[in-house]
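# Summary of structural features
Here is how the chains run, residue by residue.
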Amino acid sequence: MNIKELLKDGLVYFDGGTGTILQSQGLAPGELPESWNIKYPERITALHKSYFEAGANIIKTNTFGANRLKFDGKDGRADLKTIVTAALNNAKKAVEETAYMNRPHFIALDIGPTGKLLKPLGDLDFEDAIDIFAEVVRCGSECGADLILIETMNDSYETKAAVLAAKENSSLPVFVTTVYDQNAKLMTGADPAAMIALLEGLKVDALGMNCSLGPKQMKNIVPLLANYSSTPIIVNPNAGLPRSENGRTVYDVTPEEFADEMLDIINSGACIVGGCCGTTPAHIRALVEKTAGIKPVIPDFKDFTLVSSYTNAVEIGKKPVLIGERINPTGKPRMKAALKENNMDYLLNEALAQQEKGVHILDVNVGLPDIDEVAMLSNAVSEIQAVTSLPLQLDTSNPEAMEKALRLYNGKPMINSVNGKAEVMEAIFPLAAKYGGVIVALTLDEDGIPATSEGRIAIAERIYRTAATYGIPAREIVVDPLALTVSSDSQAALATLEAIKILKEKYNGRTSLGVSNISFGLPNRDFVNSTFYAMALHNGLSAAIMNPYSLDMMKTYHAFLALSGQDANCVDYIDFATNGVNGYTINVPAGVSVAGASGGAKTSGGNNASGGANASGGANTSGGANASGASGSANTPGGAGSSGQYPPLQYAIIKGLKDNAAKLADEMLCNNTDPLEIINGQIIPALDVCGKGFEKGTIFLPQLLMSAEASKAAFDIIKAKLPTKKNDEASKYVIVATVKNDIHDIGKNIVKVLLENYGFDVIDLGKDVEPELIVKTAIEKHVQLVGLSALMTTTVPSMEATIKLLRENAPWVKVMVGGAVLNQEYADMIGADFYGKDAMESVRYAEKVFA
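What counts, and where the lines are drawn
- Residues numbered from 1 in each chain as written.
- Predicted model: local features only at pLDDT ≥ 70, side-chain atom pairs only at ≥ 80, totals over all residues.
- Heavy atoms only, no water.
- 1 Å grid on protein atoms, 1.4 Å probe; cavity = no way out; pocket = protein on both sides within 12 Å on 5 of 7 lines; lining within 4 Å.
- Points joined across faces, edges and corners; volume = space filled by probe spheres on them.
- Helix = DSSP H or I, 4+ residues; strand = E, 2+ residues; numbered from the N terminus.
- Buried < 20%, exposed > 50% of the residue type's maximum accessible area, 1.4 Å probe, protein only.
- Axes fitted to C-alpha atoms, helices over the stretch in contact; angles between N-to-C directions.
- Parallel < 35°, antiparallel > 145°, perpendicular 65-115°, else oblique.
- Left-handed = near helix turned anticlockwise from the far one by under 90°.
- Contact = heavy atoms within 4.5 Å.
- Nonpolar A, V, L, I, M, F, W, Y, C, P; charged D, E, K, R; others polar.
- Phe/Tyr/Trp six-rings, centres within 6.5 Å; stacked < 30°, edge-to-face > 60°.
- Lys NZ or Arg CZ within 6 Å of the ring centre and 35° of its normal.
- Polar contact = N/O pair within 3.5 Å; in protein donor to acceptor, adjacent residues only side chain to side chain.
- Pairing = 2+ DSSP bridges.
- Expected span 1.5 Å × (residues − 1).
- pLDDT = per-residue confidence, 0-100.
- Arc of directions from axis to C-beta.
- Core = buried A, V, L, I, M, F, W, Y, C linked by side-chain atoms within 4.5 Å.
- Salt bridge = Lys/Arg side-chain N within 4 Å of Asp/Glu carboxyl O.
- Domains from an automatic or database assignment.

## Here's the deal with empty space enclosed by the protein
The probe, sized like a water molecule, is rolled over the atoms to show the empty space still left. Following the criterion strictly, the structure yields 4 cavities of 30 Å³ or more and no others. Volume-wise, the largest cavity comes out at about 470 Å³. Along the wall of the largest cavity there are 30 residues; nearest its centre are Gly19, Phe64, Cys276, Cys277 and Thr793. Mapped onto the lining of the largest cavity, the elements with two or more residues apiece are α2 (19-24) and β4 (147-153).

Printed below as a string of C-alpha cells:
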C-alpha cells in the first residue's frame, strides 16, 4: 500500500515534534538537530520508533534544516548528502524494527525553509532556491523516502520553489504545509485560498498548515482550507504556546487537551493530522486513541475557478470580474515606446492606475516584433508583482515567453491563451498542467472563427476534452466566445451572447470577452461597448477584458451588480456613484488627445474623446505633463503617478516605485527644497502610511518592504545634501543580530531595512552571532537598543544566554526580540524588554526608546 491509497481508508497520522524532544535529551543551545543523525543515530531511530508505536503512519526525517547553506562539508560540518543519507537510514531502521506492528509506515523527507527571502524582497534568486531544494530532494529520493513533506513555509514564493524542486527531481508524492498567523495569513500575506490556488495548480498531493499556532488557534483556519480545497488537508499544530523552564522550551497543551482539540479539527475537514513543536509520542498516542475509527471528511472536488497573486485569490464565475486591458501595446503609442525603451516605470504606473480604478486582474501583454518578449514578459511580471497584489493574466502567443513567465510568477495566473488549433493546445496545455493557471480559450481553430454560436460551442467542447487529457479540469478553462465587430455583421453580437448563455447554462462554464472589439469602426464606441457589456453580463459573462478608465463601462458594471442582487444594500454602487465617478471627467483644450478617459473626458471644443489609444491613463495637457488616469492629478516628468490623496513622492514611496522616488527626490532638490523637509515632510509620512496599513492588515510584508526600498532610493539621493552630523549629536545606534547557531536571517533583515528607513543607525552583526560579540559591540558604541532574532526552538536558549550576558555587562541596553517561535510570555521569561510580533512593532518600540 502506498501513501495515496492509505488516504482513502481513513485518518492518516503524522508524528510530532523533533527539535524540542532532542533538546530534552541534551541537544545544546544552537546545536544543529540534523547533526544528531550522525552523532547519535540510535536516539533518532528510537524517536522515530516511539512515534510509530504511538500510532503514527508517517515519520518525518530529521532533515528540517538540512540544505547546503548549513551543511557544506566545510569547517568540520558534514556535507548535505551525508546528513540526508544518515537521516534516511535512521528512519528506515525504525520502519524495520516496527514491522511487527503490521501497520503501514511511511517515511517523509522533511524539507523546511531556507531562512532567506527571495528576490525582490531578499537576496535569494528564485532559481537558486529551486536548486537548493532540489539537492535535498535528489538525496532523499535516492535514499528511499516514500514522500516529500515541505513544511513550515511562510512565503508563497519559496513554497513554489520547493514544490517545483520536488516535482522536477522526483516522482514521490508531495505534501505541503504552511505557517498561518492568527489572522490566517502567511508572513508575506497569502491567505488560505491563495495558497490552495497555487498548490493545487502545482498538483501537490496534500496541503495544509503546521507550526506557529496550537490546535485551539488553528481550529478557525481549518474551515477556510476545507471551503476551497479539493486536496486532502494536513493539520500539524504545536502543543500550544511555548515558554522557558530552566533553559528549556516547554509547551502548555497536554496530550489529552491536544487530542480533544484535534477531534474538532478532524470534524472540520482535516484528514491527515499530527503535531509540530512541543508535541511528543504521548500527544500522538492520545490523538490516535481519541480518533480511532473516525471516518474523516475527504475533500470532494470543488468547482471553483481561482487565480491568485502572492496574497489573495480571485474567483471567476461567482461575481463578474474586471480584467484591466491597458498593459498592451496594441493601439497605444506610449506603451510601445515604453516597451522599446525598457521604461518599466510606465508599466508600473499603468498597473497601479488600473488597480485604483477597481480591476481585479491585470492583463500583461508586452509583445512587439522588435523586443525580446521572453525577457521582457518575465521582467514585467516580476516588476508588476513587486508593486501590486492583483493577480495577472499572462498574455502572449510565444510559448517560450509563457513558460518563463509562468515559472517565475508568484501565484496562479491566467494564461491568455489557447484556441482550438491542435498545435496551440499541444504547446500550452503541458505548461498549464505543470505550473498551474486558468486558461483563456478562444473559440477559433484552423478554419477561423465560426459565425454561429453552435460552431463556437463545438470548439469549446473540443478544448474542454483536450484539456482533460492533460489532467486539466473544465474549471480551469475560461472560454472567450469572441466578440466580432457589429459594424460589419449585424448578427455578430447575437452569436456571441448566445454562446455565453449556452456555456453558462449547459456547461456551468466560465467565460471572458474582450468587450471593445464589438464596436470597432463605430463612433462613440463606449455607447456600444457598455450596452453590449450589460447584455453579456445578463447572459452570464464571468469576466471582461476592458478599459477601466471608461466611465460608461464602470457605470454598467456597478449598476449591474446592484440590479442583480450582488451588491448588498447597493453599498459599492453608492460609493462609486458618489466618489468613484469623479476621476473620469477630465476637461482639456480642443484637439488634445485623451486616452484613459474614454466616454467621460470632453475637450473644450465639445468633442468626446473615445476609446483612448494614446497617452496611457490620462490626458496630455498643453504643458506636456500627463494627467493621471487614477485621479486626474498631474504626474511629474519622472512619470510617478499620484492618487490625488498623496503628493507625488509620497505616492511613489507608498507604491514601492523606487526609480520614480529617486527621480522625484532629485527634482525636489533641484527646486531647492530643503533635504530635511523632504525627509520629514515626504519620506517619513509615506513610511507611516505603509506602517499603519501593515499594522491594520491592509498592507502586507512585500508591499512594506518595497516601500522601504523606494524610500531608501529617495534617501540615497538626498543624503549627500544633508548637513554633517555634529560630534556631540547623539547617534541612534541599534544592534540587530540572529543569535548563535541560527542561520535564519529573514526577520532580522526585515527589521534592519525598516529601522534604517526610519533614521536609525543599524549595526547588523549578521547571523549565528556569539553573545560575546553582541555585548562587546554594545559597550563600544554605547548602544541603547539590541534586537535579537531566532527562528528555531533549539536556538532560543542562545537568545536567553545573550540577554543574560547583556544584563551583566551592559545593563543600560534595552533588548527587543522576535521570531516565529516566540510570543510575549516566552519573551518575558527569557528577560527581554520587548517582544515584537512583526517588524513594524520593533520600529515603534525603537521610537519609544529614543524618544
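## Regarding unusual backbone geometry
Lysine 119 connects to proline 120 through a cis peptide bond whose omega is 5°. A cis amide bond links asparagine 416 with the next residue in sequence, serine 417, at an omega value of 25°. Looking at the secondary structure, you find serine 417 in strand β16 (residues 414-419). Within the chain, cysteine 570 stands out as a residue other than glycine whose phi angle is a positive 55°. Relative to the helices and strands, cysteine 570 resides in the loop between α21 (551-563) and α22 (571-578). Judged by relative accessible area, cysteine 570 falls into the partly exposed class, the value being 31%. Of note, asparagine 672 is a non-glycine position whose phi angle comes to about 65°, a positive value. On the basis of relative accessibility, which here comes to 72%, the residue asparagine 672 falls in the exposed class.

## A short note on the packing of helix α5 (residues 80-97) against helix α6 (residues 126-142)
Interaxial distance between α5 and α6 falls to 9 Å at its minimum, and their mutual angle equals 40°. It follows from the interaxial angle that α5 and α6 lie oblique. For the element pair α5 and α6, the recorded crossing hand is right-handed. Across from Leu80, Lys81, Val84 and Leu88 in α5, the residues of α6 making contact are Glu135, Val136, Cys139, Gly140 and Glu142. In the contact of α5 with α6, the residues fall into 5 nonpolar, 1 polar and 3 charged.

## Observations concerning the packing of aromatic side chains
Taken as a whole, this structure holds 8 aromatic pairs when the rule is applied. Between phenylalanine 834 and tyrosine 845, the aromatic rings sit 4.4 Å apart at their centres with planes inclined by 0°, giving stacked as the arrangement. Here tyrosine 845 lies in helix α31 (residues 839-849) and phenylalanine 834 lies in strand β27 (residues 834-835), a separation of 11 residues in the sequence. The ring of tyrosine 40 is capped by arginine 43, whose NZ or CZ atom sits 4.1 Å from the centre of that ring.

## Overview of the environment of alanine 801
Note on placement: alanine 801 falls in helix α29 (residues 796-809). Taking C-alpha positions, alanine 801 is 42 Å from leucine 172, a pair spaced 629 residues apart along the chain.

## Comments concerning the side chain of serine 156
When you line up the elements, serine 156 lands in helix α7 (residues 156-169). A polar atom in the side chain of serine 156 sits 2.8 Å from the side chain of asparagine 410. If near-sequence neighbours (up to four positions away) are discounted, serine 156 is found in contact with Leu186, Thr188, Ala190, Met195, Leu198, Tyr310 and Asn410.

## What about the sheet that holds strand β7 (residues 233-236)?
Strand order across the open sheet formed by 8 strands is β1-β10-β7-β6-β5-β4-β3-β2, with parallel pairing between neighbours. Lying at the two open borders of the sheet, with one neighbouring strand each, are β1 (12-13) and β2 (58-60). Bridging between strand β3 (residues 106-111) and β4 involves 4 bridges; their strand directions are parallel. Bridge pairing links leucine 109 to isoleucine 148 in β4.

## Some thoughts on the side chain of serine 711
Structurally, the position occupied by serine 711 is in helix α26 (residues 701-718). Discounting residues that sit within four places of it in the chain, serine 711 has contacts with Ile653, Ile683, Leu687 and Asn757.

## Focus: α6
Since the α-helix advances by 3.6 residues per turn, residues separated by three or four positions end up pointing in the same direction. Between its first and last C-alpha, α6 extends 24 Å over 17 residues, near the 24 Å set by a 1.5 Å rise per residue. Listed as buried for α6 are Phe126, Ala129, Ile130, Ile132, Phe133, Ala134, Val136, Val137, Cys139 and Gly140. In this structure, the buried residues of α6 make contact with α5, β3, β4, α7 and α16 (399-408). If you check the start of α6, you find a side-chain oxygen 3.0 Å away from the backbone N of glutamate 127, and it comes from aspartate 125. Phi for glycine 144, located one or two positions after α6, is positive at around 105°.

## Details of the confidence of the model for the chain
Residue-level pLDDT values for the chain average 90, and 92% of them are 70 or greater. The low-confidence segment residues 585-641 (pLDDT under 50) makes 136 contacts with residues lying over four places distant or belonging to another chain.

## A closer look at the sheet that holds strand β19 (residues 510-514)
Spatially, 8 strands are ordered β13-β14-β15-β16-β17-β18-β19-β20 in a closed barrel, and the strand pairing comes out parallel. Going across the sheet, the axis of each strand differs from the next one's by a mean of 30°, ignoring polarity. Here β19 runs beside strand β20 (residues 543-546); their pairing, made up of 3 bridges, is parallel. Note on β20: the bridge partner recorded for serine 512 is alanine 543.

## Quick word on helix α20 (residues 525-538)
Here α20 contains 14 residues, and its C-alpha end-to-end distance of 20 Å stays within 8% of the 20 Å for a straight helix at 1.5 Å per residue. For α20, the complete set of buried residues consists of Asp526, Asn529, Ser530, Phe532, Tyr533, Ala536 and Leu537. Down the axis, α20 shows its buried residues gathered within 165° of arc, on one side only. On its buried side, α20 packs onto β13 (321-327), α19 (492-507), β19, β20 and α21. Phi turns positive one or two residues past the end of α20, at glycine 540, with a value near 110°.

## Focus: the nonpolar core
Grouped burial of nonpolar side chains is what soluble globular proteins tend to show. Membership of the largest hydrophobic core comes to 207 residues, with the highest contact counts inside it found for Ile150, Leu347, Ile384, Phe429, Ile477, Tyr533 and Leu755. Per element, the largest residue contribution to this core is 9 residues, and it comes from α6. The contact partners of leucine 347, leaving out residues within four places of it in the chain, are Ile327, Met335, Ala338, Leu339, Val366 and Ala380. In this structure, Ile774, Val783, Ala790 and Ala827 belong to the second largest nonpolar core, which totals 27 residues.

## A short note on the pattern of salt bridges
Taken as a whole and assessed by the stated rule, the structure comprises 37 salt bridges. Lysine 740 is the salt-bridge partner of glutamate 770, the closest N and O atoms lying 2.9 Å from each other. With glutamate 770 in the loop between β24 (761-764) and α28 (771-781) and lysine 740 in the loop between β23 (733-738) and α27 (746-757), the pair connects residues that are 30 residues apart, well separated along the chain. Residue class for glutamate 770 comes out partly exposed when judged on its relative accessible area of 36%.

## Concerning the domain arrangement of the chain
Splitting the chain by domain gives domain 1 (3-291), domain 2 (305-549), domain 3 (597-719) and domain 4 (733-849). For domain 2 and domain 4, the distance between their C-alpha centroids amounts to 48 Å.

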